[in-house]
Amino acid sequence: MDKNVRICIVGGGPAGLSAGMYLEKKGYENYTILERLDRVGGKCWSPTYNGRRYEMGAIMGVPSYYAVHDVEEFCGITHDGPKLNRNYKNAEGKVIEPFEPKKNILKIPRLLKMKKQIKKLGEILETKYKGYDVNGHRGVAEGRYDGFSQASAKREPIKGENPNLKDLALPFSEFCKLNGVELTQDVWIGPYTSFGYGYFDEIPAGYVLKYLDFQTTMNFVKVNLWTWKNGTQYIWEQLNDHLLHPARLNSKIEKVERKDGKVFVTVNGKVEEYDKIIVTAPLYIPNKRADGQVGMVEYFDAREDEKELFSKIDYERYDVLAVETKPEDHPEISYYVFDNMTKERLGHLMVYYRRWKDTKDQVITTYALRKHKDTKEIPYDECKKMVLDDLKTMKNPASNVVNEWSVYYFPHVFSKDYAAGWYDKVEAMQDKYDTFYAGEIMSFGDMDETAEYSRELVERFF
Ligand SMILES: Cc1cc2nc3c(=O)[nH]c(=O)nc-3n(C[C@H](O)[C@H](O)[C@H](O)COP(=O)(O)OP(=O)(O)OC[C@H]3O[C@@H](n4cnc5c(N)ncnc54)[C@H](O)[C@@H]3O)c2cc1C
């Protein structure tokens with residue numbers, strides 16, 4: 001593509017900002033990033049409390065976050081945050097050690113079986129499901145892999161046929177059953193469901209395993225994780241500061257019209273002309289949201305194929321509270337509450353995070369999901385009350401809520417559409433209307449997968 005092509009990027013989160021970085025690295029300097037809010041980072045939001053930043057959104061990374069590492073190198077920063085650690089409680093607030101055989105004598109056979117199945121899953125992912133862990137979902141529904149290997153920072157392009165990959169369209173619980181590895185869910189559920197990515201009986205295995213590939217899951221098990229002292233938002237603020245063209249904040253896009261090979265964007269009342277547009281903001285939001293965010297189909301001159309495909313997208317209702325506690329009620333560490341990670345316990349507290357080891361003068365953040373594909377959404381206030389009650393049960397009651405949000409989280413499609421080739425249809429539309437689709441829906445809802453997708457998009461099309 002002509003290096004002078006005028007590119008508009010919608011969204012100043014990890015996907016949009018890294019698209020800017022990778023374009024720049026490839027010699028495309030004529031780009032503009034439009035961000036609707038007065039800050040960059042999107043779901044990496046790290047406000048300040050008593051002089052230190054805490055996390056309302058993204059918290060951690062793993063050593064295989066190669067794209068995030070590219071950003072760190074570009075900006076001269078590193079993952080210098082507090083070490084993560086956690087314990088476990090049951091729904092009654094009792095501390096438990098679910099994976100410690102000595103503390104669960106009766107469960108020893110199950111734990112041994114689980115260990116065997118984890119090994120088996122590791123093996124079949126490398127053999128039967130070869131190619132499962134490339135970024136994005138191109139070809140999966142047709143039994144192909146086509147992407148960049150995530151096995152090392154080099155990210156070599158790889159491509160091949162593997163009909164078994166079609167199994168990735170199954171809900172993860174069914175995928176596990178098919179392969180006789182049901183008990184692996186006991187381990188995968190911690191960094192999956194409690195992190196807001198839905199339940200294993202509703203989410204296609206493709207999402208679960210591309211995010212929690214074997215290596216990443218083992219990093220979670222060993223707590224070999226990255227955090228950032230100034231919060232994950234700092235990564236993206238730094239990137240924004242290092243770009244030739246930092247994001248234009250408070251950009252209200254009223255209309256996007258694509259005609260005659262040009263893209264006309266009406267932003268804050270003025271029409272701007274571009275040649276290409278990359279959308280990293282939500283493509284479709286099925287309901288009205290309190291934060292006023294809408295999908296691109298609402299403000300673009302959306303074509304029939306865009307409307308039809310994007311209308312299949314759903315997202316998670318994931319709620320975060322930041323609470324103060326009295327010093328005597330402060331938890332000594334972060335806790336997972338596995339009992340609450342089932343759809344029967346929708347709306348309950350699944351995990352709570354204590355960030356700093358050295359002080360009780362900090363907020364604790366809590367996490368809950370309030371929708372399953374087959375259930376009615378639990379209203380926001382009801383869920384908030386349940387979480388605050390749960391904190392009391394955990395013997396860490398909140399004295400005050402200092403921050404809260406219910407974020408548009410982890411857009412995805414369900415098994416039927418995944419199996420019917422939703423991703424290949426959308427990939428085939430890339431550049432069709434001088435428009436590229438990036439951000440979470442195209443890969444997965446974490447910082448690295450979205451930044452990596454932007455890297456590959458630039459690699460493939462620019
Ligand atoms: C509670 C929580 C915990 C998380 N934990 C982790 C974690 O530990 N590790 C991890 O890797 N990831 C985590 N994530 C996920 C991670 O933050 C996201 O996957 C990532 O931020 C996605 O990047 P994105 O750029 O695709 O989207 P976003 O971060 O959502 O950014 C999109 C941007 O587009 C802007 N926008 C929207 N509409 C418009 C419009 N019309 N015009 C202009 N701009 C618009 C938004 O304001 C936003 O800035 C977490 C997220 C949350 C909320």
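Residues numbered from 1 in each chain as written. Predicted model: local features only at pLDDT ≥ 70, side-chain atom pairs only at ≥ 80, totals over all residues. Heavy atoms only, no water.

### Remarks on the pattern of salt bridges
For the structure on display, the rule yields 35 salt bridges. Between Arg 144 and Glu 142 there is a salt bridge, with the nearest N and O atoms lying 2.7 Å from each other. Relative accessible area serves as the criterion here: at 44%, Glu 142 is assigned to the partly exposed category. A salt bridge links Lys 385 to Asp 389, with the nearest nitrogen and oxygen atoms 2.9 Å apart. Residue Lys 385 and its partner Asp 389 are located together in helix H11 (residues 380–393), separated by four residues, close to a single helical turn. Overall, Asp 389 belongs to the partly exposed group, its relative accessible area being 31%. Each of Asp 314, Arg 317, Asp 319, Arg 370 and Glu 377 takes part in a single network of salt bridges with overlapping partners. (Salt bridge = Lys/Arg side-chain N within 4 Å of Asp/Glu carboxyl O. Buried < 20%, exposed > 50% of the residue type's maximum accessible area, 1.4 Å probe, protein only. Helix = DSSP H or I, 4+ residues; strand = E, 2+ residues; numbered from the N terminus.)

### Some words on the site of the ligand
What surrounds the ligand is a group of 37 residues, the closest being Glu 35, Lys 43, Met 60, Tyr 65 and Glu 440. Between the ligand and the protein, one listed contact pairs an oxygen atom with a backbone N or O atom of Gly 42 at 3.5 Å. In isolation the ligand offers 990 Å² of accessible surface; the protein chains occlude 95% of this area. Within the residue set of the shell around the ligand, elements represented by two or more residues are helix H1 (14–25), strand S13 (314–324), strand S17 (400–412) and helix H14 (447–461). Considered class by class, the residues forming the shell around the ligand number 22 nonpolar, 10 polar and five charged. (Near = heavy atom within 4 Å. Polar contact = N/O pair within 3.5 Å; in protein donor to acceptor, adjacent residues only side chain to side chain. Areas by Shrake-Rupley, 256 points an atom, 1.4 Å probe, with all protein chains shown as cover. Nonpolar A, V, L, I, M, F, W, Y, C, P; charged D, E, K, R; others polar.)

### Re unusual backbone geometry
Phi angles above zero are rare outside glycine, and Asp 260 is one such case at about 50°. Non-glycine residue Lys 395 carries a positive phi angle of around 65°. Looking at where Lys 395 falls in the secondary structure, it is placed in the loop between H11 and S17.

### As for the pairing of strand S12 (residues 276–279)
Burial along S12 is two-sided: Lys 276 and Ile 278 and Ile 277 and Val 279, pointing in opposite directions, are all buried. Relative to S12, strand S1 (residues 7–10) is paired through four bridges, and the arrangement is parallel. Note that in S12 the partner of Val 10 across the bridge is Val 279. Examined bridge by bridge, S12 and strand S18 (residues 435–437) share three bridges and lie parallel to one another. The partner of Ile 278 across the bridge, within S18, is Phe 436. (Pairing = 2+ DSSP bridges.)

### Quick notes on the side chain of Arg 355
Turning to its location among the elements, Arg 355 is positioned in the loop between strand S15 (351–354) and strand S16 (364–369). Side-chain polar atoms of Arg 355 contact the backbone oxygen of Trp 228, separated by 2.7 Å. Apart from the residues within four sequence positions on either side, Arg 355 is in contact with Arg 53, Tyr 54, Glu 55, Pro 82, Trp 228, Lys 229, Asn 230, Gly 231 and Gln 362. (Contact = heavy atoms within 4.5 Å.)

### Let's talk about the sheet that holds strand S2 (residues 31–34)
Taken together, four strands build an open sheet; the order of strands is S2-S1-S12-S18 and the sheet is parallel. The open sheet has two edge strands, S2 and S18, and neither has a second partner. For this sheet the average axis-to-axis angle between neighbouring strands, irrespective of direction, equals 20°. (Axes fitted to C-alpha atoms, helices over the stretch in contact; angles between N-to-C directions.)

Note that all results are geometric; they support no functional claim without further evidence.
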